[in-house]
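Here's the letter readout for the chains.
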Amino acid sequence: MSYKTVLVEKEGAVAFVTVNRPEALNAINGDVIDDLTSAITELNGDDAVRVIVITGAGEKSFVAGADIKHMSTLSPVEVFEFVRKGQELTFLMEKSPKVIIAMVNGYALGGGCELAMACDLIIASDRAIFGQPEVNLGIIPGMGGTQRLPRLVGRNLAKELVLTGDHISAQRAYEMGLVNRVVPHDQLREETLKIANKIASKAPFAIYTAKRSINQGLNCSLEDGCYLELTNFALGFSTEDSREGMKAFIEKRKPEFKGK
Ligand code: CAA
């Protein structure tokens, strides 16, 4: 796997996907969207990979949003297509059978914050900065910021961020419920790997259907969501891993999941 703007490396069952445009603070242009889409698609089909970690190259930035220099040259129809592809990428991530973790090492602004919000978990360095600064450019968020942010932190806090365009610290993002954990900058990779490996050690079908039940359930009624959960719950009993998990509990030993 080799891409123009994205690096992929594997460490056991965890794949790190690094947006690699540090000269532009890893801003998202068309190549970044295409490369992330291809990399996630390829990793989705790799049975050895259980968790994907998305991060940014360099010490300063996760992703500083859409590439403003690129975007400023686009016509309305071209920008529609650029951002449509960005939105498709976020849906690909939410539907992925793999768990996707945002390892936020610095600025996560605009499209960068939106990319992180499409991940299943956000682990942030204590140096990370979040924000939806689009109004400072005279535009609005386009990769789901007006939709995922209120779902994550509630309507009023989302409006505060989107309408002021302010930057917030990782600690403030944690207090709002935007971020799962804030860790010292020099321990970011280690702490992210610990969580990733813990998730990777579980039965993959259980992880996938739990993720999809939560994501789909947030978009439908409680009753429909519970029915989706029920069918996924019952479907899980068709896996060898579910038999092994329950048998191991009864036999007072650790389960050995095989991903079957
Ligand atoms: N697009 C294009 N280039 C960017 C960029 C972006 N989003 N963010 C940073 N860069 C470039 C800068 O232009 C600069 O390049 P040059 O050296 O060639 O001038 C380089 O990265 C370093 O950036 P700064 O010199 O600005 O670094 P700084 O430390 O002074 O500031 C920052 C860092 C606060 C993140 C600042 O760069 C900044 O505000 N960036 C823009 C953030 C932003 O507005 N993001 C939202 C974009 S719109 C969007 O994302 C829409 C959507 O929802 C789809």
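Preceding this section is the structure that the text describes.
One structure accompanies this document, and this report is about it. A quick note: this is a predicted structure, and the numbers were derived from the prediction, not measured. (Residues numbered from 1 in each chain as written. Predicted model: local features only at pLDDT ≥ 70, side-chain atom pairs only at ≥ 80, totals over all residues. Heavy atoms only, no water.)

Around the ligand, the structure places 24 residues, and the nearest of them are K60, A66, G111, E114 and E134. Note that an oxygen atom of the ligand is positioned 2.8 Å from one of the backbone N or O atoms of G111. With respect to the ligand, the side chain of E114 contributes an N or O atom lying 2.6 Å from an oxygen atom. Across the complex, the protein chains shield 67% of the 980 Å² of accessible surface that the ligand would expose by itself. Of all the secondary structure elements, the ones that give two or more residues to the shell around the ligand are α2 (68–71), β6 (107–109) and α4 (111–117). In terms of residue count, the dominant contributor to the shell around the ligand is α2 (3 residues). Looking at the shell around the ligand residue by residue, the class counts come to 13 nonpolar, 5 polar and 6 charged. (Near = heavy atom within 4 Å. Polar contact = N/O pair within 3.5 Å; in protein donor to acceptor, adjacent residues only side chain to side chain. Areas by Shrake-Rupley, 256 points an atom, 1.4 Å probe, with all protein chains shown as cover. Helix = DSSP H or I, 4+ residues; strand = E, 2+ residues; numbered from the N terminus. Nonpolar A, V, L, I, M, F, W, Y, C, P; charged D, E, K, R; others polar.)

What follows concerns the nonpolar core. Counting 47 residues, the largest nonpolar core has I54, F62, M93, V104, F130 and L178 as its most contacted members. When residues in this core are grouped by element, the largest group, 6 residues, is from helix α1 (residues 30–44). For M93, the contacting residues outside a window of four places in its chain are I40, I54, I100, L115, A118, C119 and K211. Within the second largest apolar cluster, 16 residues are counted, among which are V51, I123, A196 and A200. (Core = buried A, V, L, I, M, F, W, Y, C linked by side-chain atoms within 4.5 Å. Buried < 20%, exposed > 50% of the residue type's maximum accessible area, 1.4 Å probe, protein only. Contact = heavy atoms within 4.5 Å.)

Attention now moves to the sheet that holds strand β7 (residues 121–125). Read from one edge of the open sheet, 6 strands run β1-β2-β3-β5-β7-β10, paired in mixed fashion. Each having just a single partner strand, β1 (6–11) and β10 (181–183) make up the two edges of the open sheet. Ignoring strand direction, the axes of neighbouring strands in this sheet form an average angle of 20°. Those strands touched by helix α8 (residues 188–200) are β1, β2 (14–19), β3 (51–56), β5 (99–104), β7 and β10, and its axis lies near 170° from that of β5. (Pairing = 2+ DSSP bridges. Axes fitted to C-alpha atoms, helices over the stretch in contact; angles between N-to-C directions.)

Moving on: helix α10 (residues 222–236). The terminal C-alpha atoms of α10, which comprises 15 residues, lie 21 Å apart, in line with the 21 Å expected from a rise of 1.5 Å per residue. All of the buried residues along α10 are G225, N232 and G236. Down the axis of α10, the smallest arc covering the buried residues is 45°, so these residues share one side. For α10, the exposed residues set more than 90 degrees away from the buried face come down to E223 and Y227. If you follow the buried residues of α10, they end up packed against α9 (204–217) and α11 (240–250). (Expected span 1.5 Å × (residues − 1). Arc of directions from axis to C-beta.)

Everything listed here is a matter of geometry and, on its own, says nothing about what the molecule does.
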